[in-house]
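Observations on the three-dimensional arrangement
In case you want the letters, here they are:
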Amino acid sequence: SVTQSEAGKTAQAALNKAATAASSAGTTETPAGNDISYSSDTEFTETINISTLEENATSANYTYTVAADTTSASTLKITSAGNYMLTGSTNNLEITYNNESDVVLMLDNVTIDNSSITSNNPVIEIGKKVTSAIIVINGTNSITGAGSFDNSYEDNETKEPAPIIKYKKSVC
């Protein structure tokens, strides 16, 4: 039997609390010093339906690269700062953003299932260059990550699967 780590429980509780507060208040503000915010009046730079992305599609704001095989993930790389609404369902997709500008990602009734791929990459990855990022949860969303538990480490340590969302923040 595998149990969630205490840090994982704390992070999940914080995410649930933030998502509940955002949906009931209609507004999410970032901590002091960041210029990015989200409200129910926010206009979106682009709405991306992940169900209908075409092979190797590009726009002014993103590139989409199809995986070489069914055990790898396709990549949706958001390339411009802005507010993006993601909708739809798909399997084997990784979403990345790593610009030096702010980004808002709204997951609006999104389903992503990466359980069949072999990488341990997160489903959504916000890179070190990003000044501020907000992820807004709207509707019913389901994200399943990849990876597996491995109890083969010394001292019976447990290696957990890759995180669903990873935000790498550089320390100044």
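Model, not experiment: these values are computed from the prediction. For every chain, the first residue of the written sequence is number 1, and numbering continues from 1 onward in sequence order. A pLDDT threshold of at least 70 governs which residues receive local features in this predicted model, and a stricter bar of 80 or more applies before side-chain atom pairs are shown or counted, although totals over entire chains, interfaces and linings include all residues. As a rule here, side-chain values cover all heavy atoms of the structure and leave hydrogens and water aside.

Once that is clear, we can look at the overall build of the chain. Along the backbone of the chain there are 1 helix and 12 strands. Within the chain, residue pairs in contact and separated by at least 24 positions form 53% of the contacts whose partners lie at least 6 positions apart. Total accessible area computed for the chain in this model is approximately 10100 Å², and 46% of it derives from carbon and sulfur atoms. Helix and strand assignments follow DSSP, with helices taken as H or I runs no shorter than four residues and strands as E runs no shorter than two, numbered in order from the N terminus. Contact definition: two residues touch when any of their heavy atoms are within 4.5 Å. Per-residue accessibility takes into account occlusion by the displayed protein chains alone, with areas from the Shrake-Rupley method and a 1.4 Å probe.

With that out of the way, let us pick up unusual backbone geometry. Of note, Asn-56 is a non-glycine position whose phi angle comes to about 55°, a positive value. For Asn-56, the position within the fold is in the loop between strand 3 (46–49) and strand 4 (62–65). Positive phi, close to 60°, is recorded for Asn-92, a residue that is not glycine. Considering the arrangement of structural elements, one finds Asn-92 in the loop between strand 6 (82–91) and strand 7 (93–97).

To continue, consider the nonpolar core. One finds Leu-76 and Ile-95 to be the most contacted residues of the largest nonpolar core, which totals 22 residues. Sorting elements by how many residues they give to this core places strand 8 (residues 103–113) first, with 5 residues. Residues within four places of Ile-95 in sequence aside, it is in contact with Leu-76, Ile-78, Leu-86, Ile-112, Val-123, Ile-124 and Glu-125. Here, the term nonpolar core denotes a set of buried Ala, Val, Leu, Ile, Met, Phe, Trp, Tyr and Cys residues that are joined through side-chain atoms within 4.5 Å. Relative accessible area decides the class of each residue, using a 1.4 Å probe on protein chains only: under 20% of the type maximum gives buried, over 50% gives exposed, and in between gives partly exposed. Of all hydrophobic cores here, the second largest spans 6 residues; its members include Tyr-38, Met-85, Val-104 and Val-136.

Among the structural elements, Thr-63 can be located in strand 4. In the structure, Thr-63 is positioned 12 residues away from Thr-75 in sequence and 7.9 Å away in space, judged by C-alpha atoms. Thr-63 has contacts with Ala-57, Thr-58, Thr-75, Leu-76, Lys-77 and Thr-79, leaving out every residue within four places of it along the chain.

Quick look at the confidence of the model for the chain now. Values of pLDDT, the confidence the predictor places in each residue, fall between 0 and 100. Predicted confidence across the chain gives a mean pLDDT of 75, with 66% of residues reaching 70 or more. Residue range residues 1–34 is modelled with pLDDT below 50. Its contacts to residues more than four positions away, or to other chains, number 21 contacts.

This part covers the side chain of Asp-108. Within the secondary structure, Asp-108 is located in strand 8. Accessibility expressed as a relative area gives 16% for Asp-108, which makes it buried. At a separation of 2.7 Å, a polar atom in the side chain of Asp-108 contacts the side chain of Asn-138. For the purposes of these results, a polar contact is taken to be a pair of N or O atoms within 3.5 Å, where, inside protein, one atom must be able to donate a hydrogen and its partner to accept one; residues adjacent in sequence count only when each atom of the pair is a side-chain atom.

Take the sheet that holds strand 7 next. Across a sheet, strands are paired by hydrogen bonds formed along the backbone, either parallel or antiparallel in direction. An order of 4-5-7-9-12 is seen for the 5 strands of this open sheet, with the pairing classed as mixed. The two strands at the open ends of the sheet, each matched to only one other strand, are strand 4 and strand 12 (165–167). Adjacent strand axes in the sheet meet at a mean angle of 10°, parallel and antiparallel pairs treated alike. Should DSSP find at least two bridges between two strands, the strands are taken to pair. In this structure, strand 9 (residues 124–126) lies alongside strand 12, joined through 3 bridges in parallel fashion. Opposite Ile-124, over in strand 12, you have Ile-165 as the bridge partner. For helices, the fitted axis covers only the stretch in contact; all axes are lines through C-alpha atoms, and the angles between them, taken along N-to-C directions, range from 0 to 180 degrees.

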